[in-house]
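Okay, here's what each chain looks like letter by letter:
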Amino acid sequence: MEHDARWAGRNADKDRIRAGIWERLIRDDVNVGPVESRIPNFVGADMAAWRLAQTPAWKAARVVKTNPDPPQIPVRLRALYDGKIVYTPVPELTKGFPFVRLDPAELRAKGVEFETAATAQGFLAAGQPVQFEEMEKLDFVVVGCVAVTRAGARTGKGGGFADLELGIFRELGKVDSETPVTTTVHSSQVVADDRLPMLAHDSALDWIATEAELIETRADYPEPAGVYWDAVQPDQFRNIPFLGELRARI
């Protein structure tokens, strides 16, 4: 299988793990659509979202942040039906504003169906554009992952978006050490603890929901204090319109 090298080269170990996961999902016929260089959609994503919603932290949360990818459509949909405010980033942060805010009461008033608002095209059209500083404090964070471990290690598709967002949230006080960081993945995306390296700027997971089980990681990795600006790649400054200005502001 020839692999898309869009973000390859930043960490060879993670590159190999991601390639193996993408191949396995296709081989086992549990992918939904393309997987290369993506947070892969998977069979059972709706069940994984249901499992995540059984956590006490989800039930108590008023404000939820999710990643914008297709496998988390059921998470966004469930959050809206549960009456939660949802913040979702612009895919790959390519616009002048980083996030949109979805308020289920406002969506109902405008006649926007939650099923539409939960998709990337839908939330970009229906959501309220916001800057990081305008966001409310987050009660619950959902990130996209390609591979995870039961100890809470994770890697995304290689673009560095989740760790950058979380670093900014920490610098601005939008999350703290008590804010759960979670994901939904297929069970085949869970790898052995010793296979997945964690770097200083990587954020660990507190909960992992799959189509088969709910995993509380009890992660003990050091939590990043903010953005590791020295680790931000030149292409991120080049391709994320607001990033340089945001760095100056915070």
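Residues numbered from 1 in each chain as written. Predicted model: local features only at pLDDT ≥ 70, side-chain atom pairs only at ≥ 80, totals over all residues. Heavy atoms only, no water.

Enquirer: Any chance you could explain the packing of aromatic side chains here in plain terms?
Expert: Tallying each qualifying case throughout the model produces 5 aromatic pairs. Judged by centre distance (4.9 Å) and plane angle (80°), the ring pair of Tyr 81 and Phe 114 falls under edge-to-face. Residue Tyr 81 is located in helix H4 (residues 73-81), and its partner Phe 114 is located in helix H6 (residues 114-117); the two are separated by 33 residues in the primary sequence. Pairing Phe 99 with Phe 132 gives two aromatic rings, centres 5.5 Å apart and planes at 70°, and the pair type is edge-to-face. Placement of Phe 99 in strand S3 (residues 99-102) and of Phe 132 in the loop between strand S4 (128-130) and strand S5 (140-142) is noted, with a sequence separation of 33 residues between them. For the pair shown, Phe 99 and Phe 132 are each scored as buried. Taken together, Phe 99, Phe 132 and Phe 169 form an aromatic cluster joined through their ring pairs. (Phe/Tyr/Trp six-rings, centres within 6.5 Å; stacked < 30°, edge-to-face > 60°. Helix = DSSP H or I, 4+ residues; strand = E, 2+ residues; numbered from the N terminus. Buried < 20%, exposed > 50% of the residue type's maximum accessible area, 1.4 Å probe, protein only.)

Enquirer: Is there a simple way to think about helix H2 (residues 45-52) in this case?
Expert: All of the buried residues along H2 are Ala 45, Ala 48, Ala 49 and Leu 52. Buried residues of H2 fall within an arc of 100° about the axis and therefore sit on the same side. Its buried side turned inward, H2 meets helix H3 (56-60), H4, S5, strand S8 (181-184), strand S10 (207-209) and strand S11 (214-216). (Arc of directions from axis to C-beta. Contact = heavy atoms within 4.5 Å.)

Enquirer: Looking at this structure, I do not really get the sheet that holds S3. What am I missing?
Expert: Hydrogen bonds between backbone atoms are what pair the strands of a sheet, whose relative direction is either parallel or antiparallel. Taken in spatial order, the 8 strands make up an open sheet running S4-S3-S2-S1-S5-S8-S10-S11, and their pairing is mixed. Of all strands in the sheet, those bounded by a partner on one side alone are S4 and S11. Strand-to-strand twist in this sheet, taken as the mean axis angle between neighbours without regard to direction, amounts to 25°. Two strands pair when backbone bridges link them, and S10 and S11 are joined in this way by 3 bridges, in the antiparallel orientation. Its bridge partner lying in S11, Ala 209 is registered against Leu 214. Across the sheet, H4 is in contact with strand S2 (85-89), S3, S5 and S8; its angle to S2 comes to roughly 155°. (Pairing = 2+ DSSP bridges. Axes fitted to C-alpha atoms, helices over the stretch in contact; angles between N-to-C directions.)

Enquirer: Got a minute to help me understand the side chain of Asp 163 in this structure?
Expert: For Asp 163, the location among the structural elements is in helix H8 (residues 161-172). Side-chain polar atoms of Asp 163 contact the backbone nitrogen of Ser 203, separated by 3.0 Å. (Polar contact = N/O pair within 3.5 Å; in protein donor to acceptor, adjacent residues only side chain to side chain.)

Enquirer: Looking at this structure, I do not really get the pattern of salt bridges. What am I missing?
Expert: As a working rule, side chains carrying opposite charge can pair if their charged atoms are close by. Inspection of every chain in the model, using the stated rule, returns 14 salt bridges. Between Asp 202 and Lys 14 there is a salt bridge, and its shortest N-O distance comes to 2.8 Å. Separated by 188 residues along the polypeptide, Asp 202 in the loop between strand S9 (190-191) and S10 and Lys 14 in helix H1 (residues 12-27) bring together distant segments of the chain. By relative accessible area, which is 7% here, Lys 14 ends up buried. (Salt bridge = Lys/Arg side-chain N within 4 Å of Asp/Glu carboxyl O.)

Enquirer: What exactly am I supposed to notice about the environment of Gln 131 here?
Expert: Looking at the secondary structure, you find Gln 131 in the loop between S4 and S5. Sequence separation between Gln 131 and Phe 97 is 34 residues; the distance between their C-alpha atoms is 5.7 Å.

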